[in-house]
Amino acid sequence: MLPTSLLRRGSPLSGPQHQLALLNSLILPQGNFAETLGQPLTPARLEIFQINIGKLCNMTCRHCHVDSAPDRLVENMDRATVDLCLEALDQTTAHTVDITGGAPEMNPNFRYLVDQCVQRGKQVIDRCNLTILLAPHYEDLPEWFAARGVEVVCSLPHYQERETDSQRGDGTYNKSITALQRLNSAGYGQGDPQRRLTLMANPTGTGLSGSQACMEKEWQAALLNNYGVTFDRLIALNNMPISRHLEWLAQAGHLQQYMELLVNRFNPATVSGLMCRNTLSISWDGRVFDCDFNQMLDLETQGQGAEGLHLRDFNPRLLADRQIRTDRHCFGCTAGSGSSCGGAIK
Ligand code: SF4
Ligand code: SF4
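Conventions we followed
Residues numbered from 1 in each chain as written. Chains lettered and ligands numbered in written order. Predicted model: local features only at pLDDT ≥ 70, side-chain atom pairs only at ≥ 80, totals over all residues. Heavy atoms only, no water. Buried < 20%, exposed > 50% of the residue type's maximum accessible area, 1.4 Å probe, protein only. Helix = DSSP H or I, 4+ residues; strand = E, 2+ residues; numbered from the N terminus. Pairing = 2+ DSSP bridges. Phe/Tyr/Trp six-rings, centres within 6.5 Å; stacked < 30°, edge-to-face > 60°. Near = heavy atom within 4 Å. Nonpolar A, V, L, I, M, F, W, Y, C, P; charged D, E, K, R; others polar. Contact = heavy atoms within 4.5 Å.

A few points about the pairing of strand β7 (residues 279-282)
Side chains Thr279 and Ser281 of β7 all project onto a buried face; the interleaved residues Leu280 and Ile282 project onto the opposite face, where all are buried too. Pairing of strand β1 (residues 48-52) with β7 involves 4 bridges; the strand directions are parallel. If you follow Ile51 over to β7, its bridge partner there is Ile282. Of the pairings in the sheet, the one linking β7 to strand β8 (residues 288-289) comprises 2 bridges and is antiparallel in character. Bridging from a neighbouring strand, Ser281 pairs with Phe289 of β8.

Comments concerning the packing of aromatic side chains
All chains considered together, the criterion is met by 9 aromatic pairs. Taking the centre distance of 4.9 Å and the plane angle of 85° together, the rings of Tyr159 and Trp219 count as edge-to-face. Taken together, the residues span a long stretch of sequence, with Tyr159 in the loop between β4 (151-155) and α7 (161-168) and Trp219 in helix α9 (residues 212-227) at a distance of 60 residues. The exposure class assigned to Tyr159 is buried, which follows from its relative accessible area of 14%.

Observations concerning the site of ligand 2
In the vicinity of ligand 2, the contacting residues are Met240, Leu274, Met275, Cys276, Cys291, Phe293, Asn294, Ile324, Arg325, His329, Cys330 and Cys333. For the shell around ligand 2, the class distribution of residues is 9 nonpolar, 2 polar and 1 charged.

Side note on the side chain of Glu75
Tracing the backbone through its elements, the reader meets Glu75 in the loop between β1 and α4 (79-89). In contact with Glu75, other than residues within four places in its own chain, are Leu7, Gly54, Lys55, Leu56 and Trp284.

Quick notes on helix α10 (residues 243-251)
Since one α-helical turn is 3.6 residues long, residues separated by three or four positions face the same way. Taken across its 9 residues, α10 has 7 buried, putting it largely inside the fold. Buried residues of α10: Ser243, Arg244, His245, Leu246, Glu247, Trp248 and Leu249, and no others. Along its buried surface, α10 packs onto α1 (6-9), α2 (16-25) and α11 (255-264). Positive phi appears at Gly253, one or two residues downstream of α10, with a value of about 75°.

Written out as C-alpha coordinates, the structure is:
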(Lines give C-alpha, C1' and ligand atoms only; values in the text may rest on other atoms or scores of the structure.)
(Ligands and ions follow the chains in the order given, each with its own letter.)
Protein backbone atom coordinates (compact mmCIF):
# COMPACT_ATOMS: atom_id res chain seq x y z
CA MET A 1 0.00 0.00 0.00
CA LEU A 2 1.26 3.49 -0.82
CA PRO A 3 1.92 5.86 2.09
CA THR A 4 -0.37 8.67 0.95
CA SER A 5 -2.41 10.04 -1.95
CA LEU A 6 -0.87 11.74 -4.99
CA LEU A 7 -2.32 14.96 -3.64
CA ARG A 8 -0.61 14.65 -0.26
CA ARG A 9 2.69 13.77 -1.93
CA GLY A 10 2.42 16.88 -4.11
CA SER A 11 2.68 14.78 -7.27
CA PRO A 12 1.96 16.70 -10.51
CA LEU A 13 -0.27 13.75 -11.47
CA SER A 14 -2.72 14.76 -8.75
CA GLY A 15 -3.82 17.37 -11.31
CA PRO A 16 -6.23 16.03 -13.97
CA GLN A 17 -4.71 18.30 -16.63
CA HIS A 18 -1.31 16.66 -16.07
CA GLN A 19 -2.82 13.23 -16.42
CA LEU A 20 -4.51 14.13 -19.70
CA ALA A 21 -1.34 15.83 -20.96
CA LEU A 22 0.72 12.73 -20.19
CA LEU A 23 -1.75 10.44 -21.96
CA ASN A 24 -1.89 12.74 -24.97
CA SER A 25 1.90 13.09 -25.17
CA LEU A 26 2.21 9.42 -26.18
CA ILE A 27 2.56 8.61 -29.87
CA LEU A 28 -0.26 6.18 -30.55
CA PRO A 29 -1.41 5.41 -34.10
CA GLN A 30 -5.24 5.58 -34.12
CA GLY A 31 -5.00 7.02 -30.63
CA ASN A 32 -7.79 9.58 -31.04
CA PHE A 33 -10.81 8.09 -29.27
CA ALA A 34 -13.42 10.33 -30.89
CA GLU A 35 -12.07 9.53 -34.37
CA THR A 36 -11.93 5.83 -33.55
CA LEU A 37 -15.60 5.94 -32.55
CA GLY A 38 -16.44 7.75 -35.76
CA GLN A 39 -19.66 9.13 -34.31
CA PRO A 40 -20.62 11.24 -31.29
CA LEU A 41 -21.15 9.34 -28.06
CA THR A 42 -24.64 10.15 -26.77
CA PRO A 43 -26.70 9.07 -23.75
CA ALA A 44 -29.36 6.37 -23.81
CA ARG A 45 -32.10 6.09 -21.14
CA LEU A 46 -30.74 6.91 -17.68
CA GLU A 47 -30.73 3.81 -15.47
CA ILE A 48 -28.00 4.34 -12.89
CA PHE A 49 -27.46 7.35 -10.68
CA GLN A 50 -23.92 6.96 -9.37
CA ILE A 51 -22.83 9.06 -6.42
CA ASN A 52 -19.16 9.35 -5.55
CA ILE A 53 -19.75 10.41 -1.98
CA GLY A 54 -16.12 11.23 -1.20
CA LYS A 55 -12.45 10.42 -1.51
CA LEU A 56 -11.84 9.36 2.08
CA CYS A 57 -10.76 5.73 2.36
CA ASN A 58 -9.15 3.49 4.96
CA MET A 59 -6.82 2.15 2.25
CA THR A 60 -4.33 3.56 -0.28
CA CYS A 61 -4.30 1.01 -3.11
CA ARG A 62 -1.69 1.28 -5.82
CA HIS A 63 -4.18 1.25 -8.70
CA CYS A 64 -6.80 3.64 -7.27
CA HIS A 65 -8.37 5.81 -9.96
CA VAL A 66 -9.86 8.16 -7.35
CA ASP A 67 -6.59 8.91 -5.50
CA SER A 68 -8.41 7.99 -2.32
CA ALA A 69 -6.59 7.58 0.99
CA PRO A 70 -6.99 8.20 4.72
CA ASP A 71 -5.57 11.68 4.11
CA ARG A 72 -8.45 12.77 1.84
CA LEU A 73 -10.49 14.29 4.66
CA VAL A 74 -11.78 17.34 2.81
CA GLU A 75 -13.56 15.90 -0.20
CA ASN A 76 -16.66 14.37 1.37
CA MET A 77 -20.29 15.02 0.52
CA ASP A 78 -22.22 17.04 3.11
CA ARG A 79 -25.89 16.57 4.03
CA ALA A 80 -27.09 19.50 1.90
CA THR A 81 -25.46 17.97 -1.19
CA VAL A 82 -26.88 14.54 -0.35
CA ASP A 83 -30.32 16.17 -0.30
CA LEU A 84 -29.60 17.78 -3.68
CA CYS A 85 -28.73 14.30 -4.96
CA LEU A 86 -32.10 13.00 -3.77
CA GLU A 87 -33.97 15.90 -5.36
CA ALA A 88 -32.18 15.25 -8.64
CA LEU A 89 -32.73 11.50 -8.39
CA ASP A 90 -36.47 12.11 -8.06
CA GLN A 91 -36.43 13.81 -11.46
CA THR A 92 -34.83 10.89 -13.28
CA THR A 93 -35.75 7.47 -14.63
CA ALA A 94 -32.86 5.82 -12.73
CA HIS A 95 -33.82 2.56 -11.00
CA THR A 96 -30.45 2.09 -9.31
CA VAL A 97 -28.34 4.25 -7.02
CA ASP A 98 -24.70 3.21 -7.08
CA ILE A 99 -22.79 4.65 -4.11
CA THR A 100 -19.03 4.74 -4.43
CA GLY A 101 -15.99 6.54 -3.03
CA GLY A 102 -13.38 6.24 -1.43
CA ALA A 103 -14.83 3.97 1.14
CA PRO A 104 -18.39 5.37 0.92
CA GLU A 105 -19.33 3.90 4.30
CA MET A 106 -16.94 6.38 5.99
CA ASN A 107 -19.02 9.38 4.97
CA PRO A 108 -21.20 10.41 7.97
CA ASN A 109 -24.20 10.84 5.63
CA PHE A 110 -23.87 7.40 4.04
CA ARG A 111 -26.56 5.61 6.06
CA TYR A 112 -28.98 8.50 5.61
CA LEU A 113 -28.44 8.39 1.85
CA VAL A 114 -28.96 4.61 1.69
CA ASP A 115 -32.15 4.81 3.75
CA GLN A 116 -33.55 7.61 1.61
CA CYS A 117 -32.86 5.68 -1.60
CA VAL A 118 -34.35 2.47 -0.20
CA GLN A 119 -37.47 4.40 0.86
CA ARG A 120 -37.77 5.57 -2.75
CA GLY A 121 -37.77 1.95 -3.93
CA LYS A 122 -34.39 2.20 -5.64
CA GLN A 123 -31.97 -0.65 -5.96
CA VAL A 124 -28.96 0.45 -3.93
CA ILE A 125 -25.38 -0.64 -4.58
CA ASP A 126 -22.60 -0.11 -2.08
CA ARG A 127 -19.11 -0.32 -3.60
CA CYS A 128 -17.21 -1.80 -0.70
CA ASN A 129 -13.49 -2.43 -0.24
CA LEU A 130 -14.28 -5.23 2.27
CA THR A 131 -11.63 -4.23 4.84
CA ILE A 132 -13.85 -1.37 6.07
CA LEU A 133 -16.34 -3.98 7.35
CA LEU A 134 -13.79 -4.98 9.99
CA ALA A 135 -13.04 -1.46 11.19
CA PRO A 136 -14.53 -0.09 14.42
CA HIS A 137 -17.99 1.51 13.90
CA TYR A 138 -18.58 -0.44 10.65
CA GLU A 139 -18.79 -4.04 11.85
CA ASP A 140 -22.61 -4.01 11.94
CA LEU A 141 -22.83 -3.14 8.25
CA PRO A 142 -23.40 -6.67 6.81
CA GLU A 143 -26.63 -7.04 8.84
CA TRP A 144 -27.53 -3.38 8.28
CA PHE A 145 -27.21 -3.85 4.51
CA ALA A 146 -29.11 -7.13 4.63
CA ALA A 147 -32.05 -5.46 6.40
CA ARG A 148 -32.31 -3.00 3.50
CA GLY A 149 -31.61 -5.30 0.54
CA VAL A 150 -28.48 -3.37 -0.44
CA GLU A 151 -26.32 -5.05 -3.09
CA VAL A 152 -22.70 -5.15 -1.94
CA VAL A 153 -20.15 -4.95 -4.75
CA CYS A 154 -16.78 -5.82 -3.26
CA SER A 155 -13.39 -5.25 -4.77
CA LEU A 156 -11.15 -8.30 -4.65
CA PRO A 157 -8.51 -8.12 -7.40
CA HIS A 158 -7.66 -11.83 -7.13
CA TYR A 159 -8.58 -14.94 -5.16
CA GLN A 160 -4.91 -15.39 -4.29
CA GLU A 161 -3.23 -13.52 -1.46
CA ARG A 162 -0.05 -12.43 -3.21
CA GLU A 163 -1.82 -10.76 -6.15
CA THR A 164 -4.36 -8.97 -3.98
CA ASP A 165 -1.86 -7.73 -1.40
CA SER A 166 0.58 -6.53 -4.07
CA GLN A 167 -2.07 -4.07 -5.25
CA ARG A 168 -3.93 -3.25 -2.05
CA GLY A 169 -1.37 -3.65 0.72
CA ASP A 170 -0.14 -6.41 3.02
CA GLY A 171 -2.87 -8.03 5.08
CA THR A 172 -5.69 -6.89 2.79
CA TYR A 173 -6.43 -10.36 1.49
CA ASN A 174 -6.93 -11.99 4.88
CA LYS A 175 -9.14 -9.14 6.06
CA SER A 176 -11.15 -9.39 2.83
CA ILE A 177 -11.77 -13.09 3.37
CA THR A 178 -12.96 -12.46 6.93
CA ALA A 179 -15.28 -9.71 5.66
CA LEU A 180 -16.69 -12.03 2.97
CA GLN A 181 -17.37 -14.67 5.63
CA ARG A 182 -19.27 -12.07 7.67
CA LEU A 183 -21.32 -11.12 4.61
CA ASN A 184 -22.10 -14.80 4.03
CA SER A 185 -23.21 -15.07 7.69
CA ALA A 186 -25.59 -12.16 7.09
CA GLY A 187 -27.18 -14.08 4.21
CA TYR A 188 -25.18 -12.57 1.36
CA GLY A 189 -23.86 -14.57 -1.60
CA GLN A 190 -26.37 -17.41 -1.51
CA GLY A 191 -28.66 -16.60 -4.42
CA ASP A 192 -31.07 -14.29 -2.56
CA PRO A 193 -31.69 -11.22 -4.79
CA GLN A 194 -32.16 -9.14 -1.61
CA ARG A 195 -28.68 -10.16 -0.39
CA ARG A 196 -26.65 -9.96 -3.58
CA LEU A 197 -22.89 -10.20 -3.17
CA THR A 198 -20.85 -9.27 -6.22
CA LEU A 199 -17.08 -9.50 -6.47
CA MET A 200 -15.22 -7.04 -8.63
CA ALA A 201 -11.88 -8.23 -10.01
CA ASN A 202 -9.26 -6.28 -11.90
CA PRO A 203 -5.87 -7.26 -13.35
CA THR A 204 -2.93 -6.95 -10.99
CA GLY A 205 -0.44 -6.60 -13.87
CA THR A 206 -0.44 -4.77 -17.18
CA GLY A 207 -2.87 -6.99 -19.09
CA LEU A 208 -6.57 -6.70 -19.78
CA SER A 209 -9.17 -8.47 -17.75
CA GLY A 210 -9.69 -12.12 -18.69
CA SER A 211 -12.97 -13.78 -19.61
CA GLN A 212 -15.49 -12.79 -16.95
CA ALA A 213 -17.37 -16.10 -17.15
CA CYS A 214 -14.20 -18.19 -16.77
CA MET A 215 -12.93 -16.00 -13.93
CA GLU A 216 -16.23 -16.32 -12.09
CA LYS A 217 -15.98 -20.12 -12.10
CA GLU A 218 -12.33 -20.02 -11.04
CA TRP A 219 -12.96 -17.50 -8.20
CA GLN A 220 -16.04 -19.47 -7.05
CA ALA A 221 -14.19 -22.77 -6.83
CA ALA A 222 -11.11 -21.30 -5.11
CA LEU A 223 -12.97 -19.27 -2.49
CA LEU A 224 -15.39 -22.09 -1.71
CA ASN A 225 -12.71 -24.77 -1.43
CA ASN A 226 -10.24 -22.68 0.54
CA TYR A 227 -12.50 -20.65 2.82
CA GLY A 228 -16.10 -21.80 2.38
CA VAL A 229 -16.91 -18.36 0.90
CA THR A 230 -19.71 -18.01 -1.65
CA PHE A 231 -20.77 -15.07 -3.81
CA ASP A 232 -23.42 -14.44 -6.46
CA ARG A 233 -21.50 -13.09 -9.41
CA LEU A 234 -18.15 -11.72 -10.47
CA ILE A 235 -17.57 -8.68 -12.62
CA ALA A 236 -14.21 -8.08 -14.30
CA LEU A 237 -12.85 -4.61 -14.99
CA ASN A 238 -9.84 -3.22 -16.84
CA ASN A 239 -7.60 -0.83 -14.93
CA MET A 240 -8.04 2.72 -16.18
CA PRO A 241 -4.88 4.66 -17.08
CA ILE A 242 -5.60 7.52 -14.71
CA SER A 243 -4.56 8.72 -11.26
CA ARG A 244 -2.43 6.28 -9.23
CA HIS A 245 -2.58 3.53 -11.86
CA LEU A 246 -1.27 6.05 -14.36
CA GLU A 247 1.52 6.94 -11.94
CA TRP A 248 2.43 3.28 -11.50
CA LEU A 249 2.39 2.60 -15.26
CA ALA A 250 4.62 5.63 -15.92
CA GLN A 251 7.07 4.88 -13.11
CA ALA A 252 7.37 1.21 -14.05
CA GLY A 253 7.93 2.07 -17.74
CA HIS A 254 4.73 0.33 -18.86
CA LEU A 255 2.62 3.28 -19.95
CA GLN A 256 3.37 3.25 -23.69
CA GLN A 257 2.85 -0.49 -23.90
CA TYR A 258 -0.38 -0.38 -21.89
CA MET A 259 -1.90 2.38 -23.99
CA GLU A 260 -0.92 0.55 -27.19
CA LEU A 261 -2.66 -2.52 -25.82
CA LEU A 262 -5.83 -0.55 -25.07
CA VAL A 263 -5.85 1.10 -28.50
CA ASN A 264 -5.02 -2.09 -30.41
CA ARG A 265 -7.71 -4.05 -28.59
CA PHE A 266 -10.45 -1.48 -29.31
CA ASN A 267 -13.68 -3.46 -29.63
CA PRO A 268 -16.48 -1.61 -31.48
CA ALA A 269 -19.05 -4.03 -30.04
CA THR A 270 -18.57 -2.44 -26.60
CA VAL A 271 -19.60 1.08 -27.64
CA SER A 272 -23.36 0.75 -27.33
CA GLY A 273 -22.98 -0.64 -23.78
CA LEU A 274 -20.57 1.94 -22.39
CA MET A 275 -21.63 2.90 -18.89
CA CYS A 276 -21.57 6.62 -19.65
CA ARG A 277 -24.60 5.98 -21.87
CA ASN A 278 -26.95 4.86 -19.06
CA THR A 279 -25.29 6.42 -16.01
CA LEU A 280 -24.73 9.83 -14.48
CA SER A 281 -21.93 10.36 -12.00
CA ILE A 282 -22.17 12.91 -9.18
CA SER A 283 -19.13 14.23 -7.35
CA TRP A 284 -18.81 14.89 -3.59
CA ASP A 285 -19.38 18.60 -4.23
CA GLY A 286 -22.49 18.07 -6.35
CA ARG A 287 -21.15 18.39 -9.88
CA VAL A 288 -22.53 16.17 -12.63
CA PHE A 289 -20.30 14.05 -14.89
CA ASP A 290 -20.68 11.45 -17.63
CA CYS A 291 -18.89 8.80 -15.56
CA ASP A 292 -16.65 8.36 -12.54
CA PHE A 293 -13.51 8.47 -14.73
CA ASN A 294 -14.47 11.76 -16.36
CA GLN A 295 -15.20 13.00 -12.86
CA MET A 296 -11.66 12.17 -11.72
CA LEU A 297 -10.26 13.94 -14.79
CA ASP A 298 -12.47 16.96 -14.16
CA LEU A 299 -14.09 16.59 -17.60
CA GLU A 300 -17.42 18.23 -16.83
CA THR A 301 -20.57 17.63 -18.84
CA GLN A 302 -20.92 19.64 -22.01
CA GLY A 303 -23.82 20.64 -24.25
CA GLN A 304 -26.33 23.43 -24.41
CA GLY A 305 -27.56 24.16 -20.89
CA ALA A 306 -25.55 21.19 -19.53
CA GLU A 307 -22.15 22.88 -19.50
CA GLY A 308 -20.37 22.10 -16.22
CA LEU A 309 -23.69 21.24 -14.62
CA HIS A 310 -24.18 21.30 -10.84
CA LEU A 311 -27.03 19.51 -9.04
CA ARG A 312 -28.50 22.92 -8.15
CA ASP A 313 -29.37 23.34 -11.84
CA PHE A 314 -30.11 19.68 -12.55
CA ASN A 315 -32.15 19.20 -15.70
CA PRO A 316 -32.51 15.65 -17.04
CA ARG A 317 -33.91 16.86 -20.36
CA LEU A 318 -30.84 18.97 -21.13
CA LEU A 319 -28.55 16.16 -19.99
CA ALA A 320 -30.29 13.73 -22.32
CA ASP A 321 -29.35 15.96 -25.26
CA ARG A 322 -25.67 16.28 -24.37
CA GLN A 323 -22.65 14.74 -26.03
CA ILE A 324 -20.49 12.60 -23.76
CA ARG A 325 -16.94 13.86 -23.34
CA THR A 326 -14.17 11.50 -24.29
CA ASP A 327 -10.38 11.42 -24.31
CA ARG A 328 -7.65 8.80 -24.45
CA HIS A 329 -8.52 7.22 -21.10
CA CYS A 330 -11.77 6.01 -22.75
CA PHE A 331 -9.79 3.29 -24.55
CA GLY A 332 -9.78 1.53 -21.16
CA CYS A 333 -13.53 1.01 -21.47
CA THR A 334 -13.55 -0.32 -25.02
CA ALA A 335 -10.57 -2.71 -24.91
CA GLY A 336 -11.14 -6.45 -25.17
CA SER A 337 -14.49 -7.40 -23.70
CA GLY A 338 -14.98 -3.84 -22.54
CA SER A 339 -15.12 -2.55 -18.99
CA SER A 340 -17.69 -0.72 -16.92
CA CYS A 341 -18.92 -0.52 -13.34
CA GLY A 342 -21.10 -3.50 -14.30
CA GLY A 343 -18.09 -5.47 -15.57
CA ALA A 344 -17.42 -6.74 -19.10
CA ILE A 345 -19.64 -5.26 -21.81
CA LYS A 346 -19.42 -7.83 -24.65
S1 SF4 B 1 -9.13 1.40 -4.82
FE2 SF4 B 1 -10.91 1.54 -3.47
S3 SF4 B 1 -10.19 0.72 -1.51
FE4 SF4 B 1 -8.38 1.22 -2.70
S5 SF4 B 1 -7.82 3.31 -2.11
FE6 SF4 B 1 -9.15 3.46 -3.91
S7 SF4 B 1 -11.21 3.72 -3.11
FE8 SF4 B 1 -9.92 2.95 -1.43
S1 SF4 C 1 -14.20 6.75 -19.58
FE2 SF4 C 1 -15.54 5.14 -20.35
S3 SF4 C 1 -17.49 5.50 -19.39
FE4 SF4 C 1 -16.31 7.38 -19.20
S5 SF4 C 1 -16.82 8.65 -20.98
FE6 SF4 C 1 -15.04 7.44 -21.53
S7 SF4 C 1 -15.89 5.61 -22.52
FE8 SF4 C 1 -17.54 6.57 -21.38
